[in-house]
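# A look at the structure
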Amino acid sequence: MNSGHSRLTDWGLAQIPIESHYMILDVGCGGGRTVGNLAASATQGKVYGIDYSEESVAATKRKNARWIELGRAEVRHATVSQLPFPDGMFDLVTAVETHFWWPDLPGDMREVFRVTKPGGTLILIAEIYKGANTTVAKLAEKYASRTGLRLLSVQEHRELCENAGYADVRVIEKRDTGWICAIARKPLANTG
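Residues take numbers from 1 onward in each chain, read along the sequence in its written order. At least 70 in pLDDT is required for a residue's local features to be given in this predicted model, at least 80 for side-chain atom pairs to be given and counted, and no such filter applies to totals for whole chains, interfaces and linings, which use all residues. As a rule here, side-chain values come from all non-hydrogen atoms in the structure, and water together with hydrogens is ignored.

## Let's talk about the sheet that holds strand β5 (residues 116-126)
Strand pairing is defined by DSSP finding a minimum of two bridges between the two strands. Only DSSP runs of H or I covering at least 4 residues are called helices, and only runs of E covering at least 2 are called strands; the numbering of each starts at the N terminus. The strand order across the open sheet formed by seven strands is β3-β2-β1-β4-β5-β7-β6, and the pairing between neighbours is mixed. Each of the sheet's edge strands pairs with one partner strand only, and the pair in question is β3 (73-77) and β6 (167-174). Shown here is a sheet whose adjacent strand axes are inclined to one another by a mean of 15°, direction ignored. The pairing of strand β2 (residues 46-51) with β3 spans five bridges and is parallel. Bridging across to β3, V47 finds its partner in A73. Any two residues having at least one pair of non-hydrogen atoms within 4.5 Å are treated as being in contact. To obtain an axis, a line is fitted to C-alpha atoms, over the contacting stretch when the element is a helix, and the angle between two such axes runs from 0 to 180 degrees between their N-to-C directions. Packing against the sheet, helix α3 (residues 54-63) makes contact with β2 and β3, and its axis sits at approximately 165° to β3.

Listed below in structure tokens is the structure:
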């Protein structure tokens, strides 16, 4: 998980500013590399990682033992469908290679929206998406119904974010690799 997605993750996170004071949530923290990189950037903040897999939670805790000991990271066993955090807690929510597996994608996006601070940012990063012109993406699309993978097109990423309540949605493609990231901001004045 860590080495296989490192270039993708670095590319995606380079698309957004990460300020030193940020409270950050990494949804689907996997092997923990992203949690560590975010903790290194948010030097005055804190990074929370969650994963539904107890094995991933254990791996992330091992990888980030130093950040956890310093109080700069916390890792929990949890699901995106019921995040164990109060409303409006996070300046930044990241999801790397996970949103296409979420059990209730529209509902789970609303749950992520709930814990995002007004003015906060969500970034979804993936190495495959519907319509990407790569062999891997075409195979994933072909077998999506068998695997449970829910691939979205560029427009569907935009609509997913907007329907959850986010604004200022940008979707960036790296066409030569088939990578995508959707970046969205929670409005300052939440009317919903």
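## Structural notes on helix α1 (residues 6-13)
Within α1, six of the eight residues are buried, which leaves it mostly tucked inside the rest of the structure. A simple rule labels every residue: compare its accessible area, found with a 1.4 Å probe on the protein chains alone, to the largest value its type can have, and call it buried under 20%, exposed over 50%, or partly exposed in between. All of the buried residues along α1 are S6, L8, T9, W11, G12 and L13. Residues of α1 that are buried make contact with α2 (33-41), β4 (90-96), β5, β6 and β7 (179-185).

## Side note on the packing of aromatic side chains
Any two of the Phe, Tyr and Trp rings considered here, Trp counted by its six-membered ring, make a pair once their centres fall within 6.5 Å; the pair's planes then place it as stacked at under 30 degrees, edge-to-face at over 60, or tilted in between. Applying the stated criterion across every chain, the model contains six aromatic pairs. With 5.6 Å between their ring centres and 75° between their planes, Y48 and F90 make a pair best called edge-to-face. Here Y48, found in strand β2, pairs with F90, found in strand β4; they are 42 residues apart in sequence, far enough to count as distant. With centroids separated by 5.0 Å and ring planes inclined at 85°, the aromatic side chains of F85 and F90 adopt a geometry described as edge-to-face. We classify F85 as buried; its relative accessible area is 6%. Relative accessible area serves as the criterion here: at 0%, F90 is assigned to the buried category.

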